[in-house]
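# Structure at a glance
Each chain, written out:
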Amino acid sequence: MRFLAIAGLGGAFVALALFGHLSPALADPVGLVQRVHNTAYGTPPQAARVPKHKRDGVEFQELIETAKDSAVEIGFVDGSTMTVGAEAAINIDNFVFDQDAATGEAVLTLTRGAFRWVTGVMPADGMRIETPTATITIRGTNVKVGVRANGDTLLGLDDGEVGIVSKGKGDPVTLTAGKGARVTPDGIEVIDEVLAVADAVVDDGWLNALGVEFNRDREKSSESGGGSQQ
């Protein structure tokens, strides 16, 4: 049985023995789906696109996608958490973590939509996010990243520090907590506030954005005798 470290309340990490529930076909998961709202999909390497459900594993090099008005939250083996908003596509290009040696490296590519990344115990500078216009290096961070339809990148940094390199013009930038950035082919614009990325779940948090809706769904489900969705 494999174990997944997931961030708990107060920043503590707990090992959840949930990997015994995974499909036998999933040989070496790097993460676990914690919550799903409406519809999310995963496309593992050399495999078909399938819907993702709570407690499903997530593979190395898997493409994660969400539909309209949907979201998915994934916990990774180092305790990092990724909350993906609606109409997003993100590929897990690389994710390696050795708890005993405290080493690791991860690379994610966001091509559309938005997500929030809360770092676990992945070493500083071990996590990188690629977008059409930027390369973002994570250094112990709670950050929102969004990609607009034209490929521009938006960042809102609530905590920690990130390094940003434009794939167009301009010098690299170190972004600190409480600031935002817009990255276009013309370079990086730093803004003295945490930018919104135009997705309620990513901007406001899962419970703030969906809690009322979930409660309403549960009440309707109870009245009709059905099960609730999560």
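Residues numbered from 1 in each chain as written. Predicted model: local features only at pLDDT ≥ 70, side-chain atom pairs only at ≥ 80, totals over all residues. Heavy atoms only, no water.

## Digging into the packing of aromatic side chains
How two aromatic rings sit relative to each other is given by the distance of their centres and the angle of their planes. For clarity, the cut-off: Stacked, edge-to-face and tilted are the three classes for Phe, Tyr and Trp ring pairs, Trp counted by its six-membered ring, which pair at centre distances within 6.5 Å; planes under 30 degrees apart are stacked, over 60 edge-to-face, the rest tilted. The numbering of helices and of strands both runs from the N terminus, where a helix is a DSSP run of H or I of at least 4 residues and a strand a run of E of at least 2. Residue burial is assigned from relative accessible area. The probe radius is 1.4 Å, only protein chains are included, and a residue is buried under 20% of its type maximum, exposed over 50%, and partly exposed in between. Counted as over-ring charges are cases with an Arg CZ or a Lys NZ within 6 Å of the ring centre that also lie within 35 degrees of the ring normal.
Scanning the entire structure with this criterion turns up two aromatic pairs. Between Phe-76 and Phe-95, the aromatic rings sit 4.7 Å apart at their centres with planes inclined by 15°, giving stacked as the arrangement. A residue pair is termed long-range when its members are at least 10 positions apart, and Phe-76 in strand E8 (residues 71-76) and Phe-95 in strand E11 (residues 89-98) qualify at 19 residues. Exposure remark for Phe-76: the relative accessible area of 0% places this residue in the buried category. Overall, the relative accessible area of 5% leaves Phe-95 in the buried class. On the basis of an interplanar angle of 45° and a centroid distance of 5.3 Å, the ring pair of Phe-76 and Trp-117 is categorised as tilted. Highlighted residues: Phe-76 in strand E8 and Trp-117 in strand E12 (residues 103-118), separated in sequence by 41 residues. Take Phe-76 and Trp-117: they sit in the same class, and that class is buried. Over the ring of Tyr-41 we find Arg-49, and its NZ or CZ is 3.8 Å from the ring centre.

## Considerations on the side chain of Arg-116
To keep things clear, this is the line we draw: Two N or O atoms count as a polar contact when they lie within 3.5 Å, although within protein this holds only if one can serve as hydrogen donor and the other as acceptor, and sequence-adjacent residues are included solely when both atoms are side-chain atoms. Only heavy atoms enter the contact rule, under which two residues are in contact if any of them lie within 4.5 Å.
When you line up the elements, Arg-116 lands in strand E12. Polar contacts involving the side chain of Arg-116 include one to the main-chain carbonyl oxygen of Asp-203, which spans 3.3 Å. The contact partners of Arg-116, leaving out residues within four places of it in the chain, are Thr-81, Met-82, Thr-83, Asn-142, Val-143, Lys-144, Asp-158, Val-202 and Asp-203.

## Some points on the pattern of salt bridges
As a reminder of what qualifies: Should a side-chain nitrogen of Lys or Arg be within 4 Å of a carboxyl oxygen of Asp or Glu, the pair is scored as a salt bridge.
Tallied over the full model, the rule gives 12 salt bridges. Note that Arg-139 and Asp-125 form a salt bridge whose closest N and O atoms lie 2.7 Å from each other. A residue pair is termed long-range when its members are at least 10 positions apart, and Arg-139 in strand E14 (residues 134-147) and Asp-125 in the loop between E12 and strand E13 (127-130) qualify at 14 residues. Under the relative-accessibility criterion, Arg-139 is labelled partly exposed at 28%. Look at Asp-125 and you get partly exposed, because its relative accessible area is 48%. When the shortest N-O distance is used, the salt bridge between Glu-189 and Arg-182 registers 2.8 Å. Residue Glu-189 is classed as partly exposed on the basis of its relative accessible area, which comes to 42%.

## Some words on the environment of Met-122
Mapped onto the elements of the fold, Met-122 is located in the loop between E12 and E13. Using a relative accessible area of 7% as the deciding quantity, one classes Met-122 as buried. Between the C-alpha atom of Met-122 and that of Ser-80, which follows or precedes it by 42 residues, the distance is 7.7 Å. Apart from residues lying up to four places away in sequence, Met-122 is in contact with Asp-78, Phe-95, Val-96, Phe-97, Gly-104, Glu-105, Ala-106 and Met-127.

## Considerations on the nonpolar core
Looking at soluble globular proteins, one finds that nonpolar side chains tend to be buried together. Inclusion rule: Residue types Ala, Val, Leu, Ile, Met, Phe, Trp, Tyr and Cys, when buried and joined through side-chain atoms within 4.5 Å, form a set referred to as a nonpolar core.
Within the largest apolar cluster, 40 residues are counted, with the highest numbers of intra-cluster contacts made by Met-82, Phe-95, Phe-115, Trp-117, Leu-155 and Ile-164. With six residues, E14 is the single largest residue contributor to this core. The residues contacting Met-82, other than those within four sequence positions of it, are Val-72, Glu-73, Ile-74, Phe-76, Ile-90, Leu-108, Phe-115, Arg-116 and Trp-117. Of all hydrophobic cores here, the second largest spans six residues; its members include Ala-114, Ile-191, Leu-195 and Val-202.

## Considering the confidence of the model for the protein chain
Put simply, the test is: The score called pLDDT rates the predictor's confidence residue by residue, from a low of 0 to a high of 100.
Of the residues in the protein chain, 80% have a pLDDT of 70 or more, and the chain-wide mean is 85. For the stretch residues 1-26, pLDDT sits under 50, and the model shows 53 contacts to residues farther than four places along the chain or on other chains.

## Section: unusual backbone geometry
Glycine aside, negative phi is the norm for most residues, and most peptide bonds take the trans geometry. We note that Asp-69 has phi near 55°; this positive angle belongs to a residue other than glycine. Mapped onto the fold, Asp-69 is located in the loop between strand E7 (63-66) and E8. You can call Asp-69 exposed: its relative accessible area is 52%. Phi is positive for Asp-125, which is not a glycine, with a value near 70°.

## Quick notes on the pairing of strand E15 (residues 153-166)
How we decide: Note on pairing: DSSP must find at least two bridges between two strands before they are called paired.
Sheet topology places E14 next to E15; 12 bridges connect them, and they run antiparallel. Within E15, the residue paired with Ala-134 across the bridge is Ser-166. The turn joining E14 and E15, which pair antiparallel and follow one another in sequence, is formed by five residues; a positive phi near 95° is taken by Gly-151. Where E15 lies against strand E16 (residues 173-176), four bridges are found, and the strand directions are antiparallel. Looking across to E16, one finds that Gly-163 is bridged to Thr-174.

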